[in-house]
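This is what each chain is made of:
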Amino acid sequence: MARTDPINRTQFDLLQWVSDGCPDGVMTGHTHKTTAKALEWRGLVSVSKKGGTWRAELTAVGIYYLEHGDYPADHWDKKPTAVRTKESTTPVPRDEQPKPTEPRIAKPPPRLRPVDQLIADLVQAGGVLQIQRSPQEGPDYDRLVASAIRHGKVPDGKLLVIERRNYWDKTITIKLADPPTWTTAVLQPVPVPEKPAKWHPAVIRLRDAEDRLPMKRPLRNRALRILNTLALTAEAKGYKATTGTPSEQRGYGRRNEVGAELQISILEHPFAVSIVEPTDKVPHEATASELRKAERDSWVRIPKYDHVPSGRLTLTITNGRPYRQSNWTYKDDTVIDLAQVVQELELRAADAEEKRLAAERQAAEKQRQWEAAMTTAKAAYADTRRAEVLEDQLRRWRSGLELDEYLVAMQRHIETITDVEEAAASAQWLDWAISYRIRMDPFRGTLQMPPIPKPSAEALKPYLGRWSYWGP
């Protein structure tokens, strides 16, 4: 066995469970007990079986292991393993055994529990703690953060958050962040009056449609008053309220599509608001007919529960990014205040507007990059065309120099021809060659930048990289 003797994931989870405050440290089950004994052998926990009840407590070494993911440097030096030899087969009486001469190592002072130590380290680090460790190396910081939140360890007025790019990222950032301002904002109450002085046109259409809000009349009237207050409040703030589309039964198996009673538009962003009567699950009382059928036919099954109308109302915002919550349940008129609903709609609208502006900025930046890429591609295309013209002029100039020498040689050769017809034909060929030499001379015309034709999509393709000729 290696001297480090690392623990496995199951043992580490039990160590963390003991640290988080298991109920009185009591353990049940064969697996927990076996794992606890393995941890006790390593000196990480102390196990008690008084009164037949298994209990476990962290040792100082266990606390150190949770914090550092390893044993103290001299841990295994304190617990040497006894080695038996053939000569030591005869047991030595207890009173004759030599007493240890080494002094006992003092037990280190108790340290903070991992959750409390995490908060203390965060406060000392100024509220931001960066850790380089993968989830497999422990401790489980996600569980530590969740435990700190659950047990109220987070300082007042702060939020404890953990950030990482992905699960396998070794860089973990834990922060004590300030809560958003909307969580502490004082909301102006938006009560629902028992007798509305005014009805919004969108709610009037709901009220007059018999197939909308199918519930008992008193509950339906309460739902209409809630929706009317929400619509009038939205209109008073400069928003727009219209009647929502009802739910539809469509698709394979007639799947129910969630509808909405109101549509509230803020900054041109529509949000659907529905209100329904949820049901309660109650034990089913079998009827005499059901009992007879079940007794007669073995395949008949009597349901265990019934779903009955609850008499409550649940208002839901069905789209947008949730902030505080998405559902509000109202039991009676005495507790109905729509201030949080209005705030939630405004928060979602602000988020949607920010996303729209961000999308516009991103599109504008993408358009700018595409235009820059097109400009660069056209410039590269023009340079290529000019280089081709230049290389052609250089080729003609070099060819002209060689041709001048050849024409001189031709002239000398023709002067030696005695046959009249052959000399005339050769002279004619020399005249054409001289004319061609004059036409091919790059200096014959005016030297200037050559015109560049408008490039096609195919011509620019080699210069655009990941961009398209037709747009971003």
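Residues numbered from 1 in each chain as written. Predicted model: local features only at pLDDT ≥ 70, side-chain atom pairs only at ≥ 80, totals over all residues. Heavy atoms only, no water.

## What to know about the overall build of the protein
Selection criterion: Numbered from the N terminus, helices here are DSSP runs of H or I no shorter than four residues, and strands are runs of E no shorter than two. When accessible area is computed with a 1.4 Å probe and restricted to protein chains, residues below 20% of their type maximum are described as buried, those above 50% as exposed, and intermediate ones as partly exposed. Should any heavy atoms of two residues lie within 4.5 Å, those residues are considered in contact. Accessible areas in this description were obtained via Shrake-Rupley with a 1.4 Å probe; residue shielding takes into account the shown protein chains only.
Counting its secondary structure elements, the protein contains 11 helices and 15 strands. Residues counted as buried form 32% of the 472 residues belonging to the protein. Expressed as a percentage of contacts within the protein between residues at least 6 apart in sequence, the contacts between residues at least 24 apart total 62%. Surface exposure of the protein reaches about 32200 Å², of which carbon and sulfur atoms provide 54%.

## Notes on the sheet that holds strand 6 (residues 171–177)
Defined as follows: One bridge is not enough; two strands pair if DSSP finds at least two bridges between them. Whenever a helix is involved, its axis is fitted only over the stretch in contact; in every case the axis is a line through C-alpha atoms, and angles between N-to-C directions fall within 0 to 180 degrees.
Strand order in the open sheet made by the three strands is 4-6-5, with antiparallel pairing throughout. At either margin of the open sheet sits one strand with a lone partner, and together these are strand 4 (128–132) and strand 5 (159–163). Averaged over all neighbouring strand pairs, the angle between strand axes comes to 15°, with direction disregarded. Summarising the sheet, strand 4 and strand 6 pair through five bridges and their orientation is antiparallel. Note that in strand 6 the partner of Val-128 across the bridge is Lys-175.

## Some words on a nonpolar patch on the surface
Put simply, the test is: Patches here are clusters of residues that have more than 30% relative accessible area and form no salt bridge, with a 9 Å joining cutoff for like charges and a 5 Å cutoff for nonpolar side chains (Val, Leu, Ile, Met, Phe, Trp, Tyr). When a carboxyl oxygen of Asp or Glu lies within 4 Å of a side-chain nitrogen of Lys or Arg, that pair is called a salt bridge.
Side chains of Leu-394, Trp-397, Leu-401, Phe-443 and Leu-447 sit close together on the surface and give an oily, nonpolar patch of about 490 Å² of accessible area. Inspection of the secondary structure puts Leu-394 in helix 9 (residues 339–415). The class of Leu-394 is partly exposed, set by a relative accessible area of 38%.

## Observations concerning the packing of helix 4 (residues 114–124) against helix 5 (residues 141–150)
So the rule is basically this: For classification purposes, angles smaller than 35 degrees are called roughly parallel, those larger than 145 roughly antiparallel, those between 65 and 115 roughly perpendicular, and all remaining angles oblique. In this count, Pro and Cys sit with the nonpolar residues alongside Ala, Val, Leu, Ile, Met, Phe, Trp and Tyr, while Asp, Glu, Lys and Arg are called charged and the others, Gly among them, polar.
At their nearest, the axes of helix 4 and helix 5 sit 9 Å apart, and the two run at 90° to each other. Our classification of the angle between helix 4 and helix 5 gives roughly perpendicular. When helix 4 is examined against helix 5, the residues Pro-114, Val-115, Leu-118 and Ile-119 are found in contact with a partner set consisting of Tyr-141, Leu-144, Val-145, Ser-147 and Ala-148. Counted by class, the contact of helix 4 with helix 5 contains eight nonpolar, one polar and no charged residues.

## Topic: the sheet that holds strand 15 (residues 327–330)
Taking strand neighbours across the sheet as the criterion, the five strands line up as 7-10-11-14-15 in an open arrangement whose pairing is antiparallel. Each edge of the open sheet carries a strand with a single partner, namely strand 7 (240–243) and strand 15. Ignoring strand direction, the axes of neighbouring strands in this sheet form an average angle of 20°. Relative to strand 14 (residues 313–317), strand 11 (residues 269–276) runs antiparallel, the two being bridged by four bridges. By the bridge assignment, Ser-274 is partnered in strand 14 with Thr-316. Contacts from helix 9 reach strand 10 (262–266), strand 11, strand 14 and strand 15, with the element oriented near 150° to strand 11.

## Re the side chain of Gln-343
To be explicit about the condition: Identification of polar contacts relies on pairs of N or O atoms within 3.5 Å, with a donor-acceptor requirement for protein atoms, meaning one able to donate a hydrogen and the other able to accept it, and with residues adjacent in sequence counted only if both atoms are side-chain atoms.
Within the secondary structure layout, Gln-343 lies in helix 9. In this structure Gln-343 comes out as buried when scored by relative accessible area, which is 7%. In this structure the side chain of Gln-343 is engaged in a polar contact, spanning 3.0 Å, whose partner is the backbone oxygen of Trp-182. For Gln-343, the contacting residues outside a window of four places in its chain are Trp-182, Ala-185, Leu-187 and Arg-324.

## Let's talk about the pattern of salt bridges
A complete count under the given rule lists 21 salt bridges for this structure. The salt bridge involving Lys-175 is made with Glu-163; its shortest N-O contact spans 3.5 Å. With Lys-175 in strand 6 and Glu-163 in strand 5, the pair connects residues that are 12 residues apart, well separated along the chain. The class of Lys-175 is partly exposed, set by a relative accessible area of 28%. Asp-280 serves as the salt-bridge partner of Arg-312, at 2.9 Å between the closest nitrogen and oxygen. Here Asp-280 lies in strand 12 (residues 279–283) and Arg-312 lies in the loop between strand 13 (305–309) and strand 14, a separation of 32 residues in the sequence. Judged by relative accessible area, Arg-312 falls into the partly exposed class, the value being 23%. Assessed through its relative accessible area of 26%, Asp-280 is described here as partly exposed.

## Side note on the pairing of strand 6
Residues in a regular strand point their side chains to alternate faces of the sheet. With five bridges connecting them, strand 5 and strand 6 associate as antiparallel partners. The residue of strand 6 that forms the bridge with Glu-163 is Thr-173.

## What to know about the confidence of the model for the protein
We apply this condition: pLDDT expresses, on a scale from 0 to 100, how confident the predictor is about each individual residue.
Confidence in the prediction for the protein averages 83 pLDDT; 84% of positions are at 70 or higher. Segment residues 249–257 is flagged for pLDDT under 50; beyond a separation of four residues in sequence, or across chains, it makes 10 contacts in the model.

## Some details on the packing of helix 1 (residues 9–19) against helix 3 (residues 60–68)
Quick note on the threshold: Here a crossing is called left-handed whenever its near helix is offset anticlockwise from the far helix by less than a right angle, and right-handed whenever the offset is clockwise.
Axis separation between helix 1 and helix 3 bottoms out at 11 Å; the angle between their running directions is 110°. The pairing of helix 1 with helix 3 is recorded here as roughly perpendicular in orientation. Crossing of helix 1 over helix 3 shows left-handed handedness. Along the contact surface, helix 1 presents Phe-12, Leu-15, Gln-16 and Ser-19, while helix 3 presents Gly-62, Tyr-65 and Leu-66.

## A short note on the environment of Thr-59
Examined against the element boundaries, Thr-59 turns out to sit in the loop between strand 3 (54–58) and helix 3. Here Thr-59 falls in the buried class, since its relative accessible area comes to 19%. Once the C-alpha coordinates of Thr-59 and Val-45 are considered, the two residues, 14 residues apart in sequence, prove to be 5.1 Å apart. Sequence-distant contacts of Thr-59, defined by excluding residues within four places in its chain, comprise Gly-43, Leu-44, Val-45 and Ser-46.

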